[in-house]
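# Secondary and tertiary structure notes
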Amino acid sequence: MKALDPRPSVISARLSGIGGIIAVTGWKGGIGKSVTASTLALLLADRGFKTGLLDLDFAGASAHVALGADGVFPKEEKGLEPPEVAGVRLMSVSFFSGKKAVPLRGANVSDAIIELLAITQWGKLDFLIIDMPPGINDAALDLIRLIPRAKVLAVTTPSVMAHSVLERSLALYKRLKVPALGVIENMTPPPGQAAKAPGAAGPAFGGRPGGGAGRLIGSIRFDPGLEEALGRPDKLLKTAFARDLGKIMERYFKKPDNYSGSRIKLSGI
Amino acid sequence: MHEWALAESVIKAAREHAAGAKLRVLSEVGVVLGELQAIDRKIFSFALAELAKGPFREIGRCRFRLIKAPAAFKCRACAKEFTLKVLKRTGREGEYIHFIPELAHAFLKCPKCKSPDFEITAGRGVSIKYIKGEQ
Ligand SMILES: Nc1ncnc2c1ncn2[C@@H]1O[C@H](COP(=O)(O)OP(=O)(O)O)[C@@H](O)[C@H]1O
Ligand SMILES: [Mg+2]
Ligand SMILES: [Zn+2]
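Described in the following lines is the structure provided in the data block. (Residues numbered from 1 in each chain as written. Chains lettered and ligands numbered in written order. Predicted model: local features only at pLDDT ≥ 70, side-chain atom pairs only at ≥ 80, totals over all residues. Heavy atoms only, no water.)

### Some remarks on the overall build of chain B
Heads up, the rule is: Strands are runs of DSSP state E lasting at least 2 residues, helices are runs of H or I lasting at least 4, and numbering of each runs from the N terminus. The contact criterion used throughout is that any non-hydrogen atoms of two residues lie within 4.5 Å. The protein chains shown are the only cover counted for residues, whose accessible areas, like all others here, come from Shrake-Rupley with a 1.4 Å probe. Positive charges come from Lys and Arg alone, negative charges from Asp and Glu alone, with His and the N- and C-terminal ends not counted. The atoms used to mark charge sites are NZ of Lys, CZ of Arg, CG of Asp and CD of Glu.
Helices and strands together make up the secondary structure of chain B, namely four helices and six strands. Counting from the amino terminus, chain B carries its helices and strands in the arrangement α-β-α-β-β-β-α-α-β-β. In terms of its C-alpha atoms, chain B occupies a principal-axis envelope of roughly 50 × 25 × 20 Å. Intrachain contacts of chain B at a sequence separation of at least 6 include 76% that bridge at least 24 residues. For chain B, the computed accessible surface area is about 6800 Å², with 51% contributed by carbon and sulfur atoms. With 25 positive and 15 negative side-chain charges, chain B shows a separation of 4 Å between the mean positions of the two kinds.

### Focus on the sheet that holds strand 1 (residues 25-34) of chain B
Residue and element names in this part refer to chain B. The cut-off we apply is this: In this description, strands pair whenever DSSP reports at least two bridges between them. Angular values range over 0 to 180 degrees, each being the angle between N-to-C directions of two axes fitted as lines to C-alpha atoms, with helices fitted over their stretch in contact.
As summarised here, the arrangement of the three strands in space is 2-1-6, forming an open sheet in which the pairing is mixed. This sheet does not close on itself; its edge strands, each paired only once, are strand 2 (63-69) and strand 6 (126-134). With strand direction ignored, the average angle separating the axes of adjacent strands in the sheet is 20°. The sheet contacts of helix 1 (residues 3-20) involve strand 1, strand 2 and strand 6, and relative to strand 6 the element is tilted by about 40°. Contacts between helix 2 (residues 41-52) and the sheet are confined to strand 1, strand 2 and strand 6, with strand 2 contributing the most and set at about 155° to the helix.

### Considering the interface of chain B and chain A
Put simply, the test is: Buried area adds together the accessible area that both of two parts lose upon being put together, with accessible area traced by a 1.4 Å probe. Criterion for a salt bridge: a side-chain nitrogen of Lys or Arg within 4 Å of a carboxyl oxygen of Asp or Glu. By the convention adopted, Pro, Cys, Tyr, Trp, Phe, Met, Ile, Leu, Val and Ala count as nonpolar, Lys, Arg, Asp and Glu as charged, and the other residues, Gly among them, as polar.
If you look at the interface, chain B gives 36 residues, while chain A gives 33 residues. Carbon and sulfur atoms supply 65% of the area that chain B and chain A bury against each other, a total of about 2900 Å² over both sides. Together, B:Phe99, B:Ile100 and B:Glu102 form the three largest contributors to the area buried by chain B at its contact with chain A, with a combined 19%. The interface formed by chain B and chain A holds five salt bridges in total. The shortest N-O distance in the salt bridge between B:Glu93 and A:Lys100 comes to 3.7 Å. Elements represented by at least two residues in the side of chain B that touches chain A include exactly helix 1, helix 3 (91-99), helix 4 (104-107) and strand 6 of chain B. With 11 residues, helix 1 of chain B is the largest single contributor of residues to the side of chain B that touches chain A. Looking at the side of chain B that touches chain A residue by residue, the classes come out as 18 nonpolar, seven polar and 11 charged.

### Focus: the site of ligand 1
All names here are of chain A. The following threshold applies: Near is defined per residue: the residue qualifies when any heavy atom it owns lies within 4 Å of the molecule or strand. Pairs of N or O atoms within 3.5 Å make up the polar contacts considered here, provided that, within protein, one atom can donate a hydrogen while the other can accept it, and that residues adjacent in sequence are counted only when both atoms are side-chain atoms.
In the vicinity of ligand 1, 16 residues are found, and the nearest of them are Gly30, Lys33, Ser34, Asn186 and Asp223. The separation between a nitrogen atom of ligand 1 and a polar main-chain atom of Asp223 is 2.8 Å. Side-chain polar atom of Glu227 to an oxygen atom of ligand 1: 3.0 Å apart, as the coordinates give it. Contact with the protein chains hides 80% of the accessible area of ligand 1, taken as 570 Å² for the molecule alone. Contributing elements (two or more residues each) for the shell around ligand 1: helix 2 (33-46), strand 9 (180-188) and helix 9 (226-229). By residue number, the principal contributor to the shell around ligand 1 is helix 2, which donates three residues. Here the residues of the shell around ligand 1 sort into seven nonpolar, five polar and four charged.

Okay, structure coming up:
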């Protein structure tokens, strides 16, 4: 027989105690995927959900920066138990890379993702939020293959270019039958300035991008106070960014009556 | 102790293989342990034995043969081939590579041209080489 990789066989067992899995994606860098994923995890934990946050952007790991996860490390216990930061169980390659960059080719990224998923013991969670790297690349394809029940939450910005890339990507996800929660538009300008951003809250979505998968479920304004709150979860929760995201969350993430992973309802698919 | 998580994956994969190949009992599984990941052999084989005791009849009497695989690397930049012996790393870095072998690319570099763009051609981590059983 050909050498057999045993690791994928255990991944679904590792995720079996998790209610809903949401992958925060977007097809460009610097559009707010990581702050959205991190703040969403904080908001959910703040509402009493047991929440995990998995950073799969190995090249640009930043969830640990948003949460200010300093001096924490997973606990070795028949696998690795993610440390809790501000009520969120965090797993990130940053724990293992020190301050070094992680220069990985595609096949290596895949291998590292499989390893991390096989050894991480999440335990019982209501939600696992995944911070994805930009684009449909190794991480995205692995997600589809290894965690088929993950739902995509796409972030975009008010720009014709971002919308164009988004539309193509959502169509692809739809073809691959990946469930989508919807699209959040980030850095939406204040109403008076909307005209300066041609794509803002606008026409691209009128045309039902991705044939429905790309439904706009809310927008988040540009928040000049966000930057200085990064790294401080209590401050982050009080930003206008968190308020806008919180409003979207209230509509789409239902609180379970009593805690049990399988009871979580995610609406809006 | 994270060896347990990987041992569990070996048991699961072997049982899945048994079901797929319609094997009634598994007699021997050959597991390769790559030098780079530095899996603790004792803990790993203890974990395999404990996990195989479970309620699964097909694997209860299975023997696990652990096969050492030396790590080998080939530089993509200058084509130099090298082994783990010549590479320097701190204890902490070794531990990180133990958890995720790909971090070798963050801490190790080609001894000739210093590039981190090398290929791990052998001895990365845990894999199953063969599964023997009866139908
Ligand atoms: N709504 C917003 N208001 C102000 N700054 C934002 C907003 N969204 C994102 N940013 C900033 O933009 C930068 C990139 O965000 P990040 O989440 O790292 O993007 P990505 O993960 O998509 O690459 C960060 O410095 C972040 O603080
Ligand atoms: Mg990011
Ligand atoms: Zn070289």
